[in-house]
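# Structural overview for review
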Amino acid sequence: MFQKLQTKWKVNGWSLALILVTFALGGSACGFIGKKIMNLTGLDKGFIWFVVYIVVLTIIWPVCVLIISIPMGQFRFFKKYISKIFSRFGAKKKSDDLPTQVAIFASGAGSNAKKIIDHFSANPRIKISLIVCNKPGAGVLTIAREKGIASLLIEKTLFENSDVYINELRSRNIDWIVLAGFLWKVPATMIKEWPGRIINIHPALLPGYGGKGMYGQRVHEAVIAAAEKESGISIHYVDELYDNGKVIFQANCPVSPEDTTDSLAQKIHSLEHEHFARIIEQEIKKQKAS
Ligand code: GRF
């Protein structure tokens, strides 16, 4: 249940605990103040008293939780949460119209990144707002420039051992992370910050041909060396282990005896280009609706 809430609210475990405490304290404060206010009205307990009491609670509950969320460090969450509740009752807030912001992590040529950018370019609800790359000179950086998308060049030690890039992504309001040819292992701290919102594409049919060291041409070499009859792509959620998270989607292609690593790579790329952006969109929409 806690895991579900973390995913739904996009928060880590510590924030979830503070949010639940805020709910509890806010609810108690609201009940206490509500009773005091009712005493001041001088109304007798009855139907009218009950109706007024509900109205009072409805008004003061958001105020109570918002005030308590400040020392708890959860003001941003509750501001968003309360405006969402109000929007359900018709008072639509502007923040709900904001698009879901996606960062693509890539360090290669960036053909997948390009497809994803093009797929969402006309979508007002989902925006590719950042390209994160660890290789100066990578093709994906040129694509970012051409498409007018901000890019961020990252450094390994900081990526693995600090919160620098987590804070950077947070400050840019990144909601989802998509790995499209990104070879470094995503640190656990980052996975916790975006629970259930980091997606990777792997150029083989997991659980086969995955894991540490299995990337790029090496995957295709291994598939051909094992004389596999088919290979394919796996789109999956990212967890703390390489190529291990829940598989969302797979698509296959035949491997013939004539195939070379290059020809197989081409087949795999076509599958990736055909499906990746669509699956990203499907998962974002699914979570938004839940
Ligand atoms: C893709 O085949 C992807 O599956 C793998 O790296 C490759 C990236 O290709 N993880 P590109 O940079 O998107 O062209």
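Residues numbered from 1 in each chain as written. Predicted model: local features only at pLDDT ≥ 70, side-chain atom pairs only at ≥ 80, totals over all residues. Heavy atoms only, no water.

## With respect to the site of the ligand
Cut-off, in case you're wondering: One heavy atom within 4 Å of a molecule or strand is enough for the residue carrying it to be called near that molecule or strand. For the purposes of these results, a polar contact is taken to be a pair of N or O atoms within 3.5 Å, where, inside protein, one atom must be able to donate a hydrogen and its partner to accept one; residues adjacent in sequence count only when each atom of the pair is a side-chain atom. Only the protein chains shown count as cover for residues, with accessible areas throughout obtained via the Shrake-Rupley method and a probe of 1.4 Å. Numbering of helices and strands starts at the N terminus; helices are DSSP runs of H or I of at least 4 residues and strands are runs of E of at least 2.
Neighbouring the ligand are the residues Gly 108, Ala 109, Gly 110, Ser 111, Asn 112, Gly 181, Ile 201, Pro 203, His 269 and Glu 272. Separating an oxygen atom of the ligand from a side-chain N or O atom of Ser 111 is a distance of 2.5 Å. With respect to the ligand, the side chain of His 269 contributes an N or O atom lying 3.1 Å from an oxygen atom. Relative to its unbound accessible surface of 370 Å², the ligand loses 87% to contact with the protein. Within the residue set of the shell around the ligand, elements represented by two or more residues are α5 (111-120) and α11 (261-289).

## Brief notes about the packing of α5 against α11
As a reminder of what qualifies: Between N-to-C directions, angles cover 0 to 180 degrees, with each direction set by a line fitted to C-alpha atoms, over the stretch in contact for helices. Roughly parallel here means an angle under 35 degrees, roughly antiparallel means over 145, roughly perpendicular means 65 to 115, and every remaining angle is called oblique. We call a crossing left-handed when the near helix sits turned anticlockwise from the far one by less than a right angle, and right-handed when that turn is clockwise. Pairs of residues are marked as contacts when any of their non-hydrogen atoms sit within 4.5 Å. Gly is placed with the polar residues, together with every amino acid not listed as nonpolar (Ala, Val, Leu, Ile, Met, Phe, Trp, Tyr, Cys and Pro) or charged (Asp, Glu, Lys and Arg).
Two elements in contact, α5 and α11, have axes separated by 9 Å at closest approach and are oriented at 45°. If you check the angle between α5 and α11, you find them oblique. Crossing angle aside, the handedness with which α5 passes α11 is right-handed. Packed against α5, whose contacting residues are Ser 111, Asn 112, Lys 115, Ile 116, His 119 and Phe 120, the element α11 presents His 269, Glu 272, His 273, Phe 276, Ala 277, Arg 278, Ile 280 and Glu 281 at the interface. Per-class residue counts for the contact of α5 with α11 are 5 nonpolar, 5 polar and 4 charged.

## Examining the domain arrangement of the protein chain
Cut-off, in case you're wondering: Residue ranges for the domains originate in an automatic or database domain assignment. Two parts placed together each lose some accessible area; with a 1.4 Å probe, that loss summed over both constitutes the buried area. Note on definitions: salt bridges are taken to be side-chain nitrogens of Lys or Arg within 4 Å of carboxyl oxygens of Asp or Glu.
If you check the domain split of the protein chain, you get domain 1 (2-87) and domain 2 (98-289). The interface is formed by 7 residues belonging to domain 1 together with 9 residues belonging to domain 2. A combined buried area of about 650 Å² lies between domain 1 and domain 2, and 41% of that area is made up of carbon and sulfur atoms. Interface area lost by domain 1 to domain 2 is led by Thr 7, Lys 10 and Asn 12, which between them contribute 70%. There are 0 salt bridges connecting domain 1 and domain 2. Joining domain 1 to domain 2, the criterion identifies 1 residue pair in polar contact (both at pLDDT 80 or more). It is helix α1 (residues 2-9) that contributes the most residues to the side of domain 1 that touches domain 2, 3 residues altogether. Residue composition of the side of domain 1 that touches domain 2, by class: 1 nonpolar, 3 polar and 3 charged.

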